[in-house]
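This is what each chain is made of:
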Amino acid sequence: MRFLRPGLALLAGAASVLAYAPFELFPLAFVALALLFRLLDGARPAAGRGGAFRQGFGIGFAWGVGALLAGVSWIYIALHRFGGMPMPLAGLAVLLFCAGMAVHAGLAGGLFAALRRGRPWLDAALFAATWLLGEWLRGWMFTGFPWLVSGYSQTPPSPLAGYAPLVGVYGVGGLLAFGAALAAQAVQRRCGRPLAVLALLLACGGALRLVAWTAPVGEPVRVALLQTNIEQSLKWRPEMLRHWLDINLQMLRDNPAQIVVLPETTIPLLADSLPEGYLEEVRRIAAGHGGDAILGTFTRDAAGHIYNAAISVGQAASGHYAKQHLVPFGEYSPPLFSWFYDLASIPMADQTRGPAVQAPMLLAGQKVALNICYEDVFGEELIRSLPEATLLLNISNLAWYGDSLAQPQHLQIARLRALETGRPMLRSTNTGMTALVMPDGAVQAVLPAFERGALQVEVRGYAGMTPYARWGNWPAVGLAAVLVLLGLGSARRRS
């Protein structure tokens, strides 16, 4: 019996992955968190609050391990298949990583178990607060890993999507946890009042989805989002370089638009090492079509620092964006982890962060704010470009993760960013999913994965500020922190 509750929590966490893309069974997120609430609420050790914290930590930790192992096991593909790490070590690395990230769910579970009062409304609010803070902590500590934050499961048609422009993905996750606790209490106590509150919560979210926080600005722009579909295992072979460069040029010629976008690292070498005249040919093609081209490459500054970057050439003045939020182990080595690169082979793994604030590119009358791959997981960083930016553009290369859940999950993340900012999110990817996401979180168009092609769209920029774009995560995080501090104060008075 000792391991029954953690075992059930592990299964509930794993099942929660079905709430995310590509399955998008968003009500399952309510069910999985409701089960977590019941398991935590039912833990009643005789050892006082210390014992309650330990039991709660174990249950929350097991839930987090289940969710992360089921949801981000695609990291194994990058480490073993493309990174060359031996199979046992890659499997162990994924297990340790997921366990490390699950500590935050454990802390949330332990804190709730130690502070709960046995009063339904207070306990529901406390569960939501501890859950929100745990997820926010995971998205912040050690540069953060907010993938599979629970709020991402609530993209439209979930009614909770209406809250995203107000409180962001962490706030949506807190409201999800609050609703799940209400549902669990309604079933346990056979009482209809918690369900009435949950119904009101969902109804308000549905009404908020009808609110337009931002408005179109400027003329429509013709954009071609290119998906090159270059196999990751071949991308870095020197004998294939000329072939990849020619594919880029041919796709630019075949897809005229005011803005043509090639994906992250579509040029797998430093821009200053390109064949003579190559960038001039890109500029000539783009300008000949009356527009500009954006392409992912690596750049180097005068001090020799290397950046994962995007550059634009064409009719407008050339632009440059350098990735500011790098991936640990993939793009830089954290302190004391240089040994990792003795076990894995990852090209261009010694990169430098770009500046925290970079001006949008002025293209076709729109101000385009770029972000590269993993950066769009951090909503609080993307809003730095607002209100100036009218369009958001993400370029990615998820070929590292093969045909896995990573691609649809990443597109779902982009949908939350569009909701939070009230801006269209354009995506150009190597293998998928190249798409246009509208400010209401709807995917207007998307290319099939693992096919070479171009997504031709017409899009308008948007102006204005959502509450989240104005205030970021602090209102939701601040309210959660106040609730937990009140719970700590109350617990101290009772002791």
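Use the structure listed above.
Residues numbered from 1 in each chain as written. Predicted model: local features only at pLDDT ≥ 70, side-chain atom pairs only at ≥ 80, totals over all residues. Heavy atoms only, no water.

Enquirer: So, the pairing of strand 1 (residues 215-227): which residues are in play, and what are the values?
Expert: As a general feature of sheets, a regular strand has side chains that alternate between the two faces. Note: strand 1 against strand 12 (residues 453-463), 10 bridges, orientation antiparallel. Across the sheet, residue Val217 finds its bridge partner in strand 12, namely Gly461. Direction of pairing for strand 1 relative to strand 2 (residues 259-261): parallel, over a ladder of 3 bridges. Residue pairing in the sheet places Val223 in a bridge with Ile259 of strand 2. (Pairing = 2+ DSSP bridges. Helix = DSSP H or I, 4+ residues; strand = E, 2+ residues; numbered from the N terminus.)

Enquirer: Which residues make up the pairing of strand 7 (residues 366-372), and what are the values?
Expert: Along strand 7, 6 of the 7 residues are buried, which leaves the element largely enclosed by surrounding structure. Where strand 6 (residues 361-363) lies against strand 7, 3 bridges are found, and the strand directions are antiparallel. By the bridge assignment, Leu362 is partnered in strand 7 with Lys367. Between strand 6 and strand 7, which pair antiparallel and follow one another directly, the connecting turn spans 2 residues, one of which, Ala364, has a positive phi of 55°. (Buried < 20%, exposed > 50% of the residue type's maximum accessible area, 1.4 Å probe, protein only.)

Enquirer: Provide a residue-level description of unusual backbone geometry, including the pertinent values.
Expert: A cis amide bond links Ala21 to the next residue, Pro22, at an omega of 5°. Within the fold, Pro22 resides in the loop between helix 1 (4-15) and helix 2 (27-41). With omega at 20°, the peptide bond leading from Pro156 into Pro157 counts as cis. Of note, Pro157 is situated in the loop between helix 6 (120-138) and helix 7 (164-189). Even without being a glycine, Glu24 presents a positive backbone phi close to 55°.

Enquirer: Now, about the pattern of salt bridges: what can you tell me, with residues and values included?
Expert: Scanning the model with the defined rule gives 10 salt bridges in all. The shortest N-O distance in the salt bridge between Arg242 and Asp246 comes to 3.1 Å. Remark: Asp246 and Arg242 occur in helix 10 (residues 241-254); sequence separation between them is 4 residues, near one turn of the helix. Note on Arg242: relative accessible area 42%, which makes it partly exposed. Judged by its relative accessible area of 36%, Asp246 is partly exposed. When the shortest N-O distance is used, the salt bridge between Glu420 and Arg417 registers 2.8 Å. Of this pair, Glu420 and Arg417 both sit in helix 14 (residues 406-421), 3 residues apart, roughly one helical turn. The residues Glu420 and Arg417 share a single accessibility class, namely buried. The network of salt bridges with shared partners includes Arg38, Asp41 and Arg116. (Salt bridge = Lys/Arg side-chain N within 4 Å of Asp/Glu carboxyl O.)

Enquirer: Which residues make up a nonpolar patch on the surface, and what values go with them?
Expert: Among the surface-exposed residues, Leu69, Leu89, Leu92, Leu95 and Leu96 lie close enough to one another that they form a single nonpolar patch of about 410 Å² accessible area. A per-element tally of the nonpolar patch places helix 5 (residues 87-115) first, with 4 residues. Here Leu92 shows up in helix 5. (Patch = residues over 30% accessible without salt bridge, like charges linked within 9 Å, V, L, I, M, F, W, Y side chains within 5 Å. Areas by Shrake-Rupley, 256 points an atom, 1.4 Å probe, with all protein chains shown as cover.)

Enquirer: Would you mind going over the packing of aromatic side chains in detail, with residue names and values included?
Expert: The final tally for this structure, using the stated rule, is 14 aromatic pairs. Ring centres 6.4 Å apart and planes at 90° place the aromatic pair Phe82 and Trp400 in the edge-to-face group. With Phe82 in helix 4 (residues 75-82) and Trp400 in the loop between strand 8 (391-396) and helix 14, the pair connects residues that are 318 residues apart, well separated along the chain. Since its relative accessible area comes to 13%, Phe82 is described here as buried. (Phe/Tyr/Trp six-rings, centres within 6.5 Å; stacked < 30°, edge-to-face > 60°.)

Enquirer: Describe helix 6, and please don't skip the residues or the numbers.
Expert: Relative to the 27 Å expected for 19 residues at 1.5 Å per residue, helix 6 spans 27 Å between its end C-alpha atoms, a close match to the ideal helical length. Here helix 6 lies mainly inside the structure; 15 of its 19 residues are buried. (Expected span 1.5 Å × (residues − 1).)

Enquirer: Before we move on, could you go through the environment of Ala62 and cite the residues and values that matter?
Expert: Here Ala62 lies in helix 3 (residues 48-71). Judged by its relative accessible area of 11%, Ala62 is buried. As a C-alpha pair, Ala62 and Leu279 span 217 residues in sequence and 51 Å in three-dimensional space.

Enquirer: How would you summarise helix 7 if you had to cite specific residues and measurements?
Expert: In a regular helix each residue adds 1.5 Å, so 26 residues correspond to 38 Å; helix 7 covers only 31 Å between its end C-alpha atoms and thus falls short of that length. A bend of about 80° at Tyr170 is the largest found in helix 7. Arg190 occupies a position one or two residues after helix 7 and carries a positive phi of about 50°. (Bend = angle between axes of the 7 residues up to and from the residue.)

Enquirer: Account for the side chain of Thr431, naming residues and giving values.
Expert: Position of Thr431 among the secondary structure elements: in the loop between strand 9 (425-429) and strand 10 (435-437). Among the polar contacts made by the side chain of Thr431, one reaches the side chain of Gln407 at a distance of 2.9 Å. Excluding residues within four positions of it along the chain, Thr431 makes contact with Gln227, Asn229, Ile230, Leu398, Ala399, Gln407, Ala449 and Phe450. (Polar contact = N/O pair within 3.5 Å; in protein donor to acceptor, adjacent residues only side chain to side chain. Contact = heavy atoms within 4.5 Å.)

Enquirer: With reference to specific residues and values, describe the sheet that holds strand 9.
Expert: One open sheet holds the 6 strands; their spatial order is 6-7-8-9-10-11, and the pairing between them is mixed. The sheet terminates laterally at strand 6 and strand 11 (443-446), the two strands that pair on one side only. Across the sheet, the axes of successive neighbouring strands diverge by a mean angle of 25°, strand direction being ignored. Both strand 10 and strand 11 contribute to a ladder of 3 bridges, which runs antiparallel. (Axes fitted to C-alpha atoms, helices over the stretch in contact; angles between N-to-C directions.)

Enquirer: Please provide a residue-by-residue account of the packing of helix 4 against helix 5, values included.
Expert: Where helix 4 contacts helix 5, the two axes come as close as 9 Å, and the packing angle between them is 155°. Comparing the axis directions of helix 4 and helix 5 gives the class roughly antiparallel. Here the hand of the crossing between helix 4 and helix 5 comes out right-handed. When helix 4 is examined against helix 5, the residues Ile75, Tyr76, Leu79 and His80 are found in contact with a partner set consisting of Met87, Ala90, Gly91, Ala93, Val94 and Phe97. Among the residues making up the contact of helix 4 with helix 5, the classes are represented as 8 nonpolar, 2 polar and no charged. (Parallel < 35°, antiparallel > 145°, perpendicular 65-115°, else oblique. Left-handed = near helix turned anticlockwise from the far one by under 90°. Nonpolar A, V, L, I, M, F, W, Y, C, P; charged D, E, K, R; others polar.)

Enquirer: Lay out the side chain of Glu264 in plain terms, naming residues and giving numbers.
Expert: Locating Glu264 in the fold gives a position in the loop between strand 2 and helix 11 (278-288). Look at Glu264: it is buried, it has no salt bridge, and the nearest opposite charge is Lys323 at 4.2 Å. Within the local environment of Glu264, its side chain forms a polar contact with the backbone nitrogen of Asn397, the two atoms lying 2.8 Å apart. (Lys, Arg positive; Asp, Glu negative; His and termini not counted.)

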